[in-house]
Amino acid sequence: MDLPTRDAYNSLNLLIDISRELVSALDLATVLQRVLSRSLEIVEANSASIIILNEHEEPVDAAIIVNGEVHEGSVERLKSTLDSGLAGWVVQHRQSVLVNDTSKDPRWTQRGYEGEYQEEAKSSLCAPLIARDQLVGVITFTHYTPDHYDQSHMELVEAIAAWSAIAALNAQLYEASQRRADVMSTLAETAAAVTSTLDFDEVLNRILEQTSQALEVEAVLLGLVDKKSNEVVLQAVWGEDPPREEGHRLNMDQGVAGWVAKHGQTVIIPDVSQDKYYSIDQNLNKNFELRAIAASPIKAEGQVVGVLQAVNPRTEFSSDDILLLNGISSLAGTAIQHARLFNEIQLAHTRYRQLFEDNIDLIFLSDWEGRILEANREAIEFSLFSREELRSMRMYHLGIVDWNEVGINFEALNSGDRLTYEAAFQPKFGATRPVVVHVHQVTIEDQSGLQWIVRDITELKKLERMREDLTSMIYHDLRSPLANVVSGLDLIKSMVPEEYGVGSVASIAERSVNRVQRLVSSLLDTSRLQSGQKILNPTPVIVQIIVSEAVETVKPVAEASNFVLKVTMPEEPVTLIADVDMIRRVMINILENALKYSSQGRRIDVDARVENEMLYFSVKDEGRGISEQDQKIIFERYMRADLTASKAKGLGLGLAFSKLAVESHGGEIWVESELGQGSVFTFKIPLVTET
Ligand code: ADP
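Residues numbered from 1 in each chain as written. Predicted model: local features only at pLDDT ≥ 70, side-chain atom pairs only at ≥ 80, totals over all residues. Heavy atoms only, no water.

Comments concerning the overall build of the chain
Here is step 1: If you tally the helices and strands in the chain, you get 17 helices and 24 strands.
Here is step 2: Whereas a compact globule of 691 residues would reach a radius of gyration of roughly 26 Å, the chain reaches 53 Å, over 25% beyond that.
Here is step 3: Once the C-alpha set of the chain is aligned to its principal axes, its extents read approximately 180 × 60 × 55 Å.
Here is step 4: Taking all 691 residues of the chain together, 45% fall into the buried category.
Here is step 5: Of the contacts made within the chain by residues no fewer than 6 positions apart, 58% connect residues no fewer than 24 positions apart.
Here is step 6: Element-wise, carbon and sulfur atoms account for 50% of the exposed surface of the chain, whose accessible area totals about 37,000 Å².
Here is step 7: Counting 65 positive and 102 negative side-chain charges, the chain places the averaged centre of each group 11 Å from the other. (Helix = DSSP H or I, 4+ residues; strand = E, 2+ residues; numbered from the N terminus. Rg over C-alpha atoms; globule rule 2.2 N^0.38 Å. Buried < 20%, exposed > 50% of the residue type's maximum accessible area, 1.4 Å probe, protein only. Contact = heavy atoms within 4.5 Å. Areas by Shrake-Rupley, 256 points an atom, 1.4 Å probe, with all protein chains shown as cover. Lys, Arg positive; Asp, Glu negative; His and termini not counted. Charge placed at Lys NZ, Arg CZ, Asp CG, Glu CD.)

Put into structure tokens, the structure is as follows:
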């Protein structure tokens, strides 16, 4: 047989042509076909095939030309030769092969597409496509007669293979970078879409929309982790007839979503029917045929906050799909976190606004120049100014800035202290209204300002006036008739001879009237001292005298109940300058209490002494004592210790009055006691009260 005529010139031309193809076309299928058809003639082949492999040596692209005809669907047809034929051997050994007679070579498998020629002996050349040490395919040329090829053919084919390998690798790299670019631009789009809103529901919707578009799946599910119940709650669902409804809950050990939420890792299940590892919850929408799932954790600040699931891709999940899903999930984490925070801020803002608006007090916010920035509903209603009018005014226009209190330029408020004072509020129309003003510094939205809380005390003032009226009524209408009764009783005692026995009855009546008189005076003093008035008329008195008077007053009661009264006093007379009547009443109060809260026949020690120009007066009893808790309240008005247990009658006014009276003299009153162990009440006042 003649050797085929080939010359170097032709070969070189072919290679130049091929390299031109390589740089001009980047679509792999086109490149392959062109390489093959260009090579056929020069290699002197009747048929040729080229198979491109991926990194797992699986065929991804192929081209076949038989007798000048290009065959479609080549990948499937070439699988057998790759599995068990000559190409397979070449791929495995990474070596080119020259077969002189295919009918005698076991590596040769018959191929359907060779039709009638398949039985006959042929010659074949097969070379691996290797570029940058990476196997990217295999190329085969066949001639219908055996022994057609020699070493020079082989070398030519090897050269073609080397060039083709580069072409294939380039095209693959180009495709990969194209795909990567697609992924990146999809993610960029997703990022723009998802982060352009802070509305929580809208963020979720956009995540679903972007996932469904990017992955082309039948359904997308987004679940968020509920930390309290440790469940994944399906928060948003996309799809025509999705596998689950919104609101569905899965615990952390349930289903794919549960697993992903618990482990924080992406899971892909290409075929649900084959899957044994993840327990797929069968409790799905009956109309939905679940085929494949990809689920990715949504993380925020390192914690899994949810799961994004894509269900049923058009064909199968590619590595790009997973890249996209993971990318969208991580965007979702930040977007959801931001939307949540924003939501919380909004809520807090609304709550604050509501509190502000609905407050029953008037609230104003002003800057440090007193310009009104905000006023609540009550402030508007009370002031009769509109919101706009108020915003153009300053606080002092309302008559409630007491410059003595707040200081020039509000400097008394710099320290952050709250000031409280009374003022006369000037509304837009009509008379001023009495108010209490609480003002202090606040910081709202990084701005320092002043908050003015103003309480209308018109009603309180009315009550105060009523109390004053009542006081003067008591003073005039009760005191003078009482005095008349006392003098009347005196007169009766002096006029009626002793043998008629009126004296003792009159004395009892006299004592009772005196008690009422003391009570009335104490009531008057209490209200007077409470409104800040000073004691009326300090007069000098000998301490021993007023102590004796006080003791004498309670003596009849003490004797009737067999109390043992022990009195100690300084030997030398001591002068006290005070409101004598008031101090006497304080002493009587303490003495009466000692009798009232002790059992009959017990001992009561009265002690008056002078230390450091102060008079100390104490009464010690062996009565029921007072608990530590009650000791704190008994000096308050109308407070009575152990209210229910106490059978003794009283108003709870005595000690409150005593405290006011002693303090108005610049003194102090206190109790030392233990429940069941008796009590010692002591007060001290300066011997000379300054007025
Ligand atoms: P009143 O005696 O009218 O209730 P007070 O103001 O004098 O009002 O006393 C307040 C409360 O203090 C009394 O109700 C009583 O519980 C308690 N208390 C006062 N003195 C004594 C005392 N010597 N021993 C025990 N409890 C006392």
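Comments concerning empty space enclosed by the protein
Here is step 1: This structure, assessed with the given rule, holds three cavities of 30 Å³ or more.
Here is step 2: Those elements giving two or more residues to the lining of the largest cavity turn out to be β7 (217–226), β8 (231–239), α7 (255–263) and β12 (303–313).
Here is step 3: The residue makeup of the lining of the largest cavity, split by class, is 15 nonpolar, four polar and two charged. (1 Å grid on protein atoms, 1.4 Å probe; cavity = no way out; pocket = protein on both sides within 12 Å on 5 of 7 lines; lining within 4 Å. Points joined across faces, edges and corners; volume = space filled by probe spheres on them. Nonpolar A, V, L, I, M, F, W, Y, C, P; charged D, E, K, R; others polar.)

Remarks on the nonpolar core
Here is step 1: Residues Val-547, Leu-576, Met-587, Leu-615, Phe-617, Phe-681 and Phe-683 are the most contacted members of the largest nonpolar core, which totals 43 residues.
Here is step 2: With ten residues, the top contributor of residues to this core is helix α15 (residues 580–596).
Here is step 3: Contacts of Leu-576, omitting those with residues within four sequence positions, involve Thr-539, Pro-540, Val-541, Val-543, Ile-546, Leu-615, Ile-685, Pro-686 and Leu-687.
Here is step 4: Within the second largest apolar cluster, 34 residues are counted, among which are Leu-36, Ala-131, Phe-141 and Ala-167. (Core = buried A, V, L, I, M, F, W, Y, C linked by side-chain atoms within 4.5 Å.)

Observations concerning the sheet that holds strand β15 (residues 419–425)
Here is step 1: Spatially, β14-β13-β17-β16-β15 is the arrangement adopted by the five strands of the open sheet, whose pairing is antiparallel. In this open sheet, the two edge strands, each paired with only one partner strand, are β14 (372–375) and β15. Direction aside, the axes of adjacent strands within the sheet are offset by 30 degrees on average.
Here is step 2: The sheet contact formed by strand β13 (residues 362–366) and β14 spans three bridges and is antiparallel. Each residue of the ladder has a partner; that of Phe-364, found in β14, is Ala-375.
Here is step 3: Helix α8 (residues 319–358) contacts β13, β14, β16 (433–444) and β17 (447–456) of the sheet and is inclined by roughly 85 degrees relative to β14. (Pairing = 2+ DSSP bridges. Axes fitted to C-alpha atoms, helices over the stretch in contact; angles between N-to-C directions.)

Remarks on the packing of aromatic side chains
Here is step 1: Taken as a whole and judged by the stated rule, the model has eight aromatic pairs.
Here is step 2: An angle of 35 degrees between the planes, with centres 5.5 Å apart, marks the rings of Phe-617 and Phe-683 as tilted. One end of the pair, Phe-617, is in strand β22 (residues 614–620); the other, Phe-683, is in strand β24 (residues 679–686), with 66 residues separating them in the sequence.
Here is step 3: Summarising the aromatic geometry, the rings of Phe-635 and Phe-681 are spaced 6.3 Å apart at their centres and angled 65 degrees between planes, so their arrangement reads as edge-to-face. (Phe/Tyr/Trp six-rings, centres within 6.5 Å; stacked < 30°, edge-to-face > 60°.)

What to know about the packing of helix α13 (residues 502–530) against α15
A pair of packed helices is characterised by two quantities: the angle between their axes and the separation of those axes.
Here is step 1: Interaxial distance between α13 and α15 falls to 11 Å at its minimum, and their mutual angle equals 115 degrees. Relative to α15, the element α13 is oriented roughly perpendicular. Both α13 and α15 take part in a crossing whose hand is left-handed. Contacts between α13 and α15 involve Arg-515, Arg-518, Ser-521, Ser-522, Asp-525, Arg-528 and Leu-529 from the first element and Met-582, Arg-585, Ile-588 and Glu-592 from the second. (Parallel < 35°, antiparallel > 145°, perpendicular 65-115°, else oblique. Left-handed = near helix turned anticlockwise from the far one by under 90°.)

Section: helix α17 (residues 654–664)
The periodicity of an α-helix, 3.6 residues per turn, causes residues three or four positions apart to be oriented the same way.
Here is step 1: Along α17, the residues classified as buried are Leu-655, Ala-656, Phe-657, Ser-658, Ala-661 and Val-662.
Here is step 2: On its buried face, α17 sits against α13, α15, β23 (668–673) and β24.
Here is step 3: Of the residues one or two after α17, Gly-666 is the one with positive phi, at around 80 degrees.

Here we look at the sheet that holds strand β3 (residues 69–71)
Here is step 1: Here we have six strands laid out as an open sheet, ordered β3-β2-β1-β6-β5-β4, and antiparallel in their pairing. With partners counted over all chains shown, the strands left at the sheet margins are β3 and β4 (97–99), one partner each. The mean inter-strand angle of the sheet, taken between neighbouring strand axes irrespective of direction, is 15 degrees.
Here is step 2: Across six bridges, strand β1 (residues 47–53) lies against strand β6 (residues 134–143) in antiparallel orientation. Residue pairing across strands places Ala-48 opposite Phe-141, the latter belonging to β6.

Considering the packing of α13 against α17
Here is step 1: For the pair α13 and α17, the least separation of the axes is 9 Å and the interaxial angle reads 55 degrees. Here α17 runs oblique to α13, going by the angle between their axes. Note on packing geometry: the crossing formed by α13 with α17 is left-handed. Across from Ser-522, Asp-525, Thr-526, Leu-529 and Gln-530 in α13, the residues of α17 making contact are Phe-657, Leu-660, Ala-661 and Ser-664.

Topic: the pattern of salt bridges
Here is step 1: Summed over the entire model, instances satisfying the criterion amount to 37 salt bridges.
Here is step 2: Between Lys-104 and Asp-101 there is a salt bridge, with its nearest N and O atoms 3.1 Å apart.
Here is step 3: Under the relative-accessibility criterion, Asp-101 is labelled buried at 15%.
Here is step 4: Among the salt bridges present, the one from Arg-528 reaches Asp-525, with a minimum N-O distance of 3.1 Å. With Arg-528 and Asp-525 both in helix α13 and three residues apart, the pair spans about one turn of that helix. In terms of burial, Arg-528 and Asp-525 fall into one category: buried.
Here is step 5: Among the ionic contacts, a cluster of salt bridges with common partners joins Asp-525, Arg-528, Glu-549, Asp-581, Arg-584 and Arg-585. (Salt bridge = Lys/Arg side-chain N within 4 Å of Asp/Glu carboxyl O.)

Description of the side chain of Asp-321
Here is step 1: Mapped onto the fold, Asp-321 is located in helix α8.
Here is step 2: Owing to a relative accessible area of 12%, Asp-321 belongs among the buried residues under this scheme.
Here is step 3: Not counting the four nearest positions on each side in its chain, Asp-321 is found in contact with Ala-214, Leu-215 and Glu-316.

Quick notes on the side chain of Thr-190
Here is step 1: Following the sequence through the fold, Thr-190 ends up in helix α5 (residues 151–195).
Here is step 2: Residue class for Thr-190 comes out buried when judged on its relative accessible area of 0%.
Here is step 3: Filtering out sequence-adjacent residues up to four positions away, Thr-190 remains in contact with Gln-210, Ile-328 and Leu-331.

What about helix α6 (residues 200–215)?
Here is step 1: Relative to the 22 Å expected for 16 residues at 1.5 Å per residue, α6 spans 23 Å between its end C-alpha atoms, a close match to the ideal helical length.
Here is step 2: Burial in α6 covers these residues: Phe-200, Val-203, Leu-204, Ile-207, Leu-208, Gln-210, Thr-211, Ser-212, Ala-214 and Leu-215.
Here is step 3: The inward-facing, buried residues of α6 abut α5, β7, β8, β12 and α8.
Here is step 4: You can read the cap of α6 off the contacts: a side-chain oxygen lies 3.3 Å from the backbone nitrogen of Asp-201, and it is on Asp-199.
Here is step 5: Directly beyond the C-terminal end of α6, a positive phi value near 50 degrees is found at Glu-216. (Expected span 1.5 Å × (residues − 1). Polar contact = N/O pair within 3.5 Å; in protein donor to acceptor, adjacent residues only side chain to side chain.)

As for a nonpolar patch on the surface
Here is step 1: Where nonpolar side chains cluster on the molecular surface, the patch consists of Leu-460, Leu-463 and Met-466 and spans about 330 Å² of accessible area.
Here is step 2: With respect to the element layout, Leu-463 can be found in helix α12 (residues 458–495). (Patch = residues over 30% accessible without salt bridge, like charges linked within 9 Å, V, L, I, M, F, W, Y side chains within 5 Å.)

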